[in-house]
Amino acid sequence: MIFTESSTVEQLILDTVTLQRRAERLTVREPLPDRGGSLGGDLRPARWDYVPPAQIPRRSGDVMVEPWLRDALIRLNPEIAAEPDRADEVIYNLRAVILAVQADGLVRANENFMAWLRGEKTMPFGQNGEHVPVRLVDAENPGNNHLVVTNQWTYQIGPVEKRFDIVFVVNGLPLVIGEAKTPTRSAVTWFDGAFQMNEIYEKQVPAMFVPNVFSFATEGRVYRYGSIRMPIDLWGPWRTEENEPEGTLADVRRAVESMLQPEIVLDLLQYFTLFATDKKHRRIKIIARYQQFTTANQIVERVVKGYPKKGLIWHFQGSGKSLLMVFAAQKLRLHQRLGNPTVMIVVDRIDLDTQITATFNAADVPNMVGVATRQELQTLLAQDVRKVLITTIHKFAEADGSLNERSNIIVMVDEAHRTQEGDLGRKMREALPNAFLFGLTGTPINRADRNTFWAFGADEDEKGYMSRYSFQESIRDRATLPLHFEAPEVKLQVDKAAIDEAYQEITGSLSEQDRDDLAKRAAKMAVLVKNPERVRAVVNHIVRHYQTRVEPNGFKAQVVTFDRECCVLYKQVMDELIDPEASAIVMISQSGDPPEWKTHARDRDAEEKLLDRFRDPADPLKFIIVTSKLLTGFDAPILQAMYLDKPMKDHNLLQAICRTNRTFGQKKTHGLIVDYIGIFDDVARALDFDERAVQQIITNIDELRKALPVRVQKCLAFFPGVDRTKGGYEGLMEAQQCLPDNEVRDRFAAEYSVLGTIWEALSPDPVLGPYERDFRWLTQVYESVRPPSGHGRLLWHALGAKTVDLINQNVHVQSMRDDVETLVLDAQVLDEILGDAEPEKRAREIEIKLIARLRRHATNPAFIALGERLEKVRERHEQGFLTSLEFLKAILEVARDVVEAERETDPEEERDRAKEALTELFNEAKNKGTHIIVERIVTDIDEIVKKVRFPDWQHTSQGERLVQKELRRTLLKYKLHTDQELFDRAYAYIRQYY
């Protein structure tokens, strides 16, 4: 029996959503659970019916199943039922939205289609021509829709044809698309399916994804889902309340059974997808993670039910509490049974107010009001305004008694652990006596004087919280990253014991009372921390550490100092060591500040612009120096390292260090805390009732050092007896023979992935020195057997920047001749090869050369396809379907096509090489005045030349004059037009590369 993806994973999904759901509906006759208004009185069971693709009334070029859609429009809209031809008008409009994807882009087209799906669009179908909403789906009664699941759905547009494994169709609209991969090869993962969806299907046939709510991918071990254009590293799992582990078909079936219910799909469509504008002013689509979906629905269900009137939501820092509040507010406001409620978001600081407001604004939440003053808050509540209000807890300070006694006021308090247990929290409760109160926190406090559980925890909730999303869960789901901790040499720390001994010596002749008084005055922590020698040593270490450990990977850093004076002192020393433009102070400014402090003062607009620069990977601003600002509510995923030189405790400490735990692409594997003050022990006590959990998420660098030799040996154990000093393809083939099949390669890849992660985290620690040669050798072997198509990215991951640098500096391949073209074009050579006594060895040699050639074009779809062909040839040979001679012939056929593809390389690649050459030029010529705009200069020149050039322009005076004129105009824009040498060299490059 052969286990294929269609007979295993694909069939499992189809059976789970049809047969199993049908059996449940036949045995369970209870009303469907109320998900806060998603369902109404119609108890018609909502289930998917399987329809084979051949029986679906559509052509291969149709996105929608128009006969089914027409029937649904007539059934769901009385105005259309009265005149059925009106359905054709709606379908015409929907076709226009789908066709517009080429001009508008996929996100905008999807946003427009979502408005139709949510019933937000109107047509003039009323009695007197007035506009009335048009319903494409019935979100309140999911069973009132035509629900179909099918497989092997073919879509063809022009010469491009794609086949989708699984498609869920609601009223003729393909709302969910799934990709099922094989479960029997460990190097093939859900990531391959997601990559196919994200990088191939969405780009080549975007029209199919215009009605898309979400897509999913699974290989039978792990299930992940995401929305259109969402980076694959942000695709998330879907878990049930029991939070079971992953890794088997049974686990995938559990996720499928939970998420792919019609009720859930329509709930996600209606309330749990957002369109927002990111920092680069691009439209993006956001879909709720499972913990946001579950918790928001818990809030809604509690409000609908009417009790309990409060709840504590404890979700780890960085796991998306702001968006959770957006989703909950969106559903509460639209809920039919809540009578147009007021939703209030309460924060406790103005900087948090800014962050939350920005999140709501970016998501275009309707009827949102930022409450600026205490008087405005009291007025809005007195006027019974029914909107989403965002305010700070401090605006309740002057409230005198009740401001509004309505029960459909829902208050969500962000960072509920800080000010909710004192007078301000009491004032708010008095002002809104019948409101629902939900507290959201990442760091609850459990002490007699500040008890978050008492303030928000309902007696009905087990352990005091309504919802908990722990440290380990957020890291497991990659909602956040683990934290690594590093303590520099002790001499940089404040040695309290040595200080006590020194004071004993210098005050020996004083009385006990005088000695105590002197110690209190002179031994204050601030005096010790600000010692000039110590400040210089700390800043020197920060700069050196950043330049070697953080900057090579493209990340940025935050320096947390003792107080505002320290901010200025650290900045002064740092400016001596690196470009002053590379760092900036963000701190509170006061009227009595010294002049040298006031130079760092900014208003809120200027500060926000500075922080946008910090978030921009291309901006030279690398360090933000702070003491109290930006330690809570500051979200900058590019921030990886925190240099901590300030005593902190409890939730303040945990919140601060979690600024570094946001995900940022595949290269960011952890947040890094460098502790100069010796406070790491306090991290474990930050949540004294959950010390074990805190310890598990913070990895000490010392533990990684101990693990390094063990992991190196585990990888080397795959190659017993191999001579690692042998170079060229002979040495490489000897190593590859120890990895004879996919199973062994995948086990090696898993071990190497762990080693690579440790190496990246430690680099450039001197402890790596003795292992560098072995690691370099293992990396080259790993790269040589990695699938050339680049797929299988969970185990066969992208190498870290430090590993790549190491390889680039130390690769020696002189003994490997690059003669593939000769091999595939010379008939005499071919005859000699085919008569070779060892055809398999010769084939392996060619294969190694081919993989090297293919990797030069890693992003080109044509070469990715050739890489996949090469993988299939290798697999068939390993499975015994090809003899050694057949294997060699197949390899040579791929090689011929590689050479042909290289000759037809897209000119776009040539232009990219031109841009690289210009970048090198400007990097050589740059100075402090020009390095910020290098990329812009290169891009401008590239764009101008592409516009004005024509074939053989270099050989006509008109062409040369035109290009020279535009080049001078571009340099003039950047005040570089007087540098003749720069002009000459730039023009020489343009002639060479264009």
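So, here's what we can say about the structure. (Residues numbered from 1 in each chain as written. Predicted model: local features only at pLDDT ≥ 70, side-chain atom pairs only at ≥ 80, totals over all residues. Heavy atoms only, no water.)

## Notes on the overall build of the chain
Helix and strand counts for the chain come out as 40 helices and 24 strands. Residue burial in the chain is summarised as follows: out of 994 residues, 55% are buried. Sequence-distant contacts, at least 24 apart, represent 73% of the contacts inside the chain between residues at least 6 apart. Surface exposure of the chain reaches about 43800 Å², of which carbon and sulfur atoms provide 50%. (Helix = DSSP H or I, 4+ residues; strand = E, 2+ residues; numbered from the N terminus. Buried < 20%, exposed > 50% of the residue type's maximum accessible area, 1.4 Å probe, protein only. Contact = heavy atoms within 4.5 Å. Areas by Shrake-Rupley, 256 points an atom, 1.4 Å probe, with all protein chains shown as cover.)

## Structural notes on the pairing of strand β5 (residues 160–170)
Most of β5 is tucked away, with 8 of its 11 residues classed as buried. As judged from the 10 bridges shared by strand β4 (residues 147–157) and β5, these two strands associate in the antiparallel manner. Across the sheet, residue V148 finds its bridge partner in β5, namely V169. If you look at the hairpin formed by β4 and β5, you'll find 2 residues sitting between the two strands, and G158 has a positive phi there, around 65 degrees. With 5 bridges joining them, β5 and strand β6 (residues 173–180) adopt antiparallel strand pairing. Within the sheet, the bridge partner assigned to I166 lies in β6 and is G178. Following β5, the chain reverses through 2 residues before pairing antiparallel with β6; N171 in that reversal takes a positive phi of roughly 55 degrees. (Pairing = 2+ DSSP bridges.)

## Some details on helix α4 (residues 86–99)
The terminal C-alpha atoms of α4, which comprises 14 residues, lie 20 Å apart, in line with the 20 Å expected from a rise of 1.5 Å per residue. Along α4, the residues classified as buried are R86, A87, V90, I91, L94, V97 and I98. Buried residues of α4 fall within an arc of 140 degrees about the axis and therefore sit on the same side. Of the exposed residues in α4, the ones pointing more than 90 degrees away from its buried face are Y92 and L99. Each element contacted by the buried residues of α4 is listed here: α2 (66–76), α3 (78–82), α5 (101–104), α6 (106–117) and β2 (122–123). (Expected span 1.5 Å × (residues − 1). Arc of directions from axis to C-beta.)

## What to know about helix α21 (residues 564–577)
Taking 1.5 Å per residue as the helical rise, α21 with its 14 residues ought to reach 20 Å, and the 21 Å between its terminal C-alpha atoms agrees with that figure. Within the sequence span of α21, burial applies to R564, C566, C567, V568, Y570, K571, V573 and M574. The backbone nitrogen of E565 has a side-chain oxygen 3.2 Å away, supplied by the residue at the start of α21, namely D563. (Polar contact = N/O pair within 3.5 Å; in protein donor to acceptor, adjacent residues only side chain to side chain.)

## As for the pattern of salt bridges
One pass over the full model with this rule turns up 35 salt bridges. Taking the shortest distance from any N to any O, the salt bridge between R302 and D461 comes out at 2.7 Å. Residue R302 is located in helix α10 (residues 290–305), and its partner D461 is located in the loop between α15 (452–456) and β17 (467–469); the two are separated by 159 residues in the primary sequence. A relative accessible area of 11% means that D461 is categorised as buried. Within the structure, one salt-bridge network assembled from shared partners comprises R70, D85 and D88. (Salt bridge = Lys/Arg side-chain N within 4 Å of Asp/Glu carboxyl O.)

## Quick notes on the packing of aromatic side chains
This model, assessed by the stated rule, comprises 26 aromatic pairs. Considering the side-chain rings of F719 and W777, the 5.0 Å spacing of their centres and the 90 degrees angle between planes classify their relative orientation as edge-to-face. Taken together, the residues F719 in the loop between α27 (701–716) and α28 (728–736) and W777 in helix α30 (residues 772–785) connect sequence positions 58 residues apart. Accessibility assignment for this pair places F719 and W777 in one class, buried. Members of the aromatic cluster, connected to one another through ring pairs, are F718, F719, F748, Y752, W759, F775, W777 and Y782. Positioned above the aromatic ring of Y307 is the side chain of K305, whose terminal nitrogen or guanidinium carbon lies 5.1 Å from the ring centre. The ring centre of W314 lies 3.9 Å from the NZ or CZ of R468, which sits over that ring. (Phe/Tyr/Trp six-rings, centres within 6.5 Å; stacked < 30°, edge-to-face > 60°. Lys NZ or Arg CZ within 6 Å of the ring centre and 35° of its normal.)

## Examining the sheet that holds β17
A sheet is described by the order of its strands in space; here 7 strands give the open sequence β13-β14-β12-β15-β16-β11-β17, paired in parallel fashion. Across the chains shown, the open sheet's two edge strands, defined by having one partner strand only, are β13 (368–370) and β17. Shown here is a sheet whose adjacent strand axes are inclined to one another by a mean of 15 degrees, direction ignored. As paired strands, strand β12 (residues 342–347) and strand β15 (residues 409–414) are joined by 5 bridges and run parallel to one another. When the bridges of β15 are listed, M344 appears paired with V411. On the sheet, α10 packs against β11 (310–315), β15, β16 (436–441) and β17 and is oriented at approximately 175 degrees with respect to β11. (Axes fitted to C-alpha atoms, helices over the stretch in contact; angles between N-to-C directions.)

## Focus on the sheet that holds β6
Here 6 strands make up an open sheet; going across it, the order is β1-β4-β5-β6-β7-β8 and the pairing mixed. The outermost strands of the open sheet, each flanked by one partner alone, are β1 (49–50) and β8 (223–226).

## Quick notes on unusual backbone geometry
Most peptide bonds adopt trans geometry, and most residues besides glycine take a negative phi value. Cis geometry marks the peptide bond from Y307 to P308, where omega comes out at -15 degrees. Along the chain, the position of P308 falls in the loop between α10 and β11. At Q152, a position not held by glycine, the phi torsion is positive, near 50 degrees. Turning to its location among the elements, Q152 is positioned in strand β4. Positive phi, close to 55 degrees, is recorded for N340, a residue that is not glycine. Structurally, N340 can be placed in the loop between α11 (321–334) and β12.

## Considerations on the packing of α2 against α4
Between α2 and α4, whose axes approach to 9 Å, the crossing angle comes to 125 degrees. One way to sum up the angle between α2 and α4 is to call them oblique. Between α2 and α4 lies a crossing of right-handed hand. Between α2 and α4, the contacting residues are E66, L69, R70, L73 and I74 on the first element and A87, D88, V90, I91, L94 and R95 on the second. (Parallel < 35°, antiparallel > 145°, perpendicular 65-115°, else oblique. Left-handed = near helix turned anticlockwise from the far one by under 90°.)

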